[in-house]
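Spelled out, the chains give:
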Amino acid sequence: MKYGFLGAGHLASAVVFGLIKAGVQPDDIFVNSPASARSLADKTGIHYAEEKQLIGDSDLIVLAFLPEQLKKIIQHLPADCFQNKLIISFLGSTSLDELQKSLPAAEIVRSLPNVNAEFDRSLTSIIFGSTISEKSKQLVKDFFNKIGSFVELPEKDFPAFSAIAGSGPAFVALFAQSLQKAAINQGIDPETALTISLKTLEGSTENLLSRQLLPNDLIKAVASPGGSTADGIVSFEKDDFANIVNRAILATINHGTK
Ligand SMILES: NC(=O)C1=CN([C@@H]2O[C@H](COP(=O)(O)OP(=O)(O)OC[C@H]3O[C@@H](n4cnc5c(N)ncnc54)[C@H](O)[C@@H]3O)[C@@H](O)[C@H]2O)C=CC1
Ligand SMILES: O=C(O)[C@@H]1CCC=N1
């Protein structure tokens, strides 16, 4: 099985590292992009390839450039080069319909992984195009299982999924940074403050997941009656934390409508 990546940015790099960790041989991965493909190839042992060769030689082609680059990239390639090719798109805002119109002879999958693919931790949403065969569907499922897990979602849910799971690592990082700043404000050095923040986030997520707790159960378990945590929760609620988060998700979802 040969994999070809068009685009070698942050998401492509995370997925390439994830595939290699899952046992894919670097020799079986090809990459092309104007800027970063050669350095990704140097770092990982995968191969830089010219676009036409990459498309011809790959069993599965990943579109990992920016949505606005789709038309330009396809226009300068021969019209028939994607004939019967299996294409997985990572393009955040590009619909299945748009992809199918741009690549009419290909089998298309629209997907939204996230950068946690590097550690086998991407929850990816996928939707299959109408022309995809059962065999190709299985190849796609195998691909996403190598970098985490996947859910099949109707396309109407992709914008919300993108805002929460795709953009989410950035939002979690923002919360981590806010906890770090709060610790620094109390006189703790920045490095220790970051460790405290990250270890607490890591342990708390693991606690929720491994004990299958609802978030509110963990809140109750930590906020001892008459204790200090309850005062922190009241302060978050007074500042309408849930609405702050909801507004940020809405702003992310509404990006394309500005
Ligand atoms: N970064 C993330 O966490 C996520 C990104 N996405 C989607 O993944 C795609 C890539 O995003 P990032 O990796 O963040 O962007 P990036 O800016 O890090 O990488 C974009 C890549 O496209 C390449 N590129 C530009 N012109 C090209 C061409 N003519 N042929 C081939 N490659 C070309 C650039 O050289 C670069 O390697 C976007 O469509 C984005 O919506 C989706 C979910 C999460
Ligand atoms: O910021 C973006 O547009 C992409 C889509 C989801 C995460 N990154």
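- Taking an unreviewed UniProt entry as the reference, the protein chain is identified by name as Pyrroline-5-carboxylate reductase belonging to Oenococcus sicerae.

Overview of the site of ligand 2
Working step 1: With respect to spatial proximity, the complete set of residues near ligand 2 consists of Ser162, Gly166 and Ser167.
Working step 2: When isolated, ligand 2 has an accessible area of 240 Å², and the protein chains bury 37% of it.
Working step 3: Judged by the proximity of its atoms to the pocket grid, ligand 2 belongs to the second largest pocket.

Observations regarding the sheet that holds strand β7 (residues 122-128)
Working step 1: Spatial strand order, β3-β2-β1-β4-β5-β6-β7-β8: 8 strands in an open sheet with mixed pairing. Bordering the open sheet on either side are β3 (47-48) and β8 (148-152), each of which pairs with just one other strand.
Working step 2: In this structure, strand β1 (residues 3-6) lies alongside strand β4 (residues 60-63), joined through 4 bridges in parallel fashion. The residue bridging Leu6 from the neighbouring strand is Leu63, located in β4.
Working step 3: Strand contacts of helix α6 (residues 134-146): β1, β4, β5 (86-89), β6 (107-112), β7 and β8, with the helix running at about 135° to β8, the strand carrying the most contacts.

Thoughts on the UniProt feature "domain: Pyrroline-5-carboxylate reductase dimerisation" (unreviewed entry) in the protein chain
Working step 1: Look at the UniProt record and you will see "domain: Pyrroline-5-carboxylate reductase dimerisation" (unreviewed entry) annotated at residues 155-255.
Working step 2: For residues 155-255, the end-to-end C-alpha separation is 17 Å, with 79% helix and 0% strand making up the annotated structure.

The rules behind each value
- Residues numbered from 1 in each chain as written.
- Chains lettered and ligands numbered in written order.
- Predicted model: local features only at pLDDT ≥ 70, side-chain atom pairs only at ≥ 80, totals over all residues.
- Heavy atoms only, no water.
- Near = heavy atom within 4 Å.
- Areas by Shrake-Rupley, 256 points an atom, 1.4 Å probe, with all protein chains shown as cover.
- 1 Å grid on protein atoms, 1.4 Å probe; cavity = no way out; pocket = protein on both sides within 12 Å on 5 of 7 lines; lining within 4 Å.
- Sits in = over half its atoms within 2 Å of the grid points.
- Pairing = 2+ DSSP bridges.
- Helix = DSSP H or I, 4+ residues; strand = E, 2+ residues; numbered from the N terminus.
- Contact = heavy atoms within 4.5 Å.
- Axes fitted to C-alpha atoms, helices over the stretch in contact; angles between N-to-C directions.
- UniProt positions renumbered as here; feature names shortened; annotations may be inferred.

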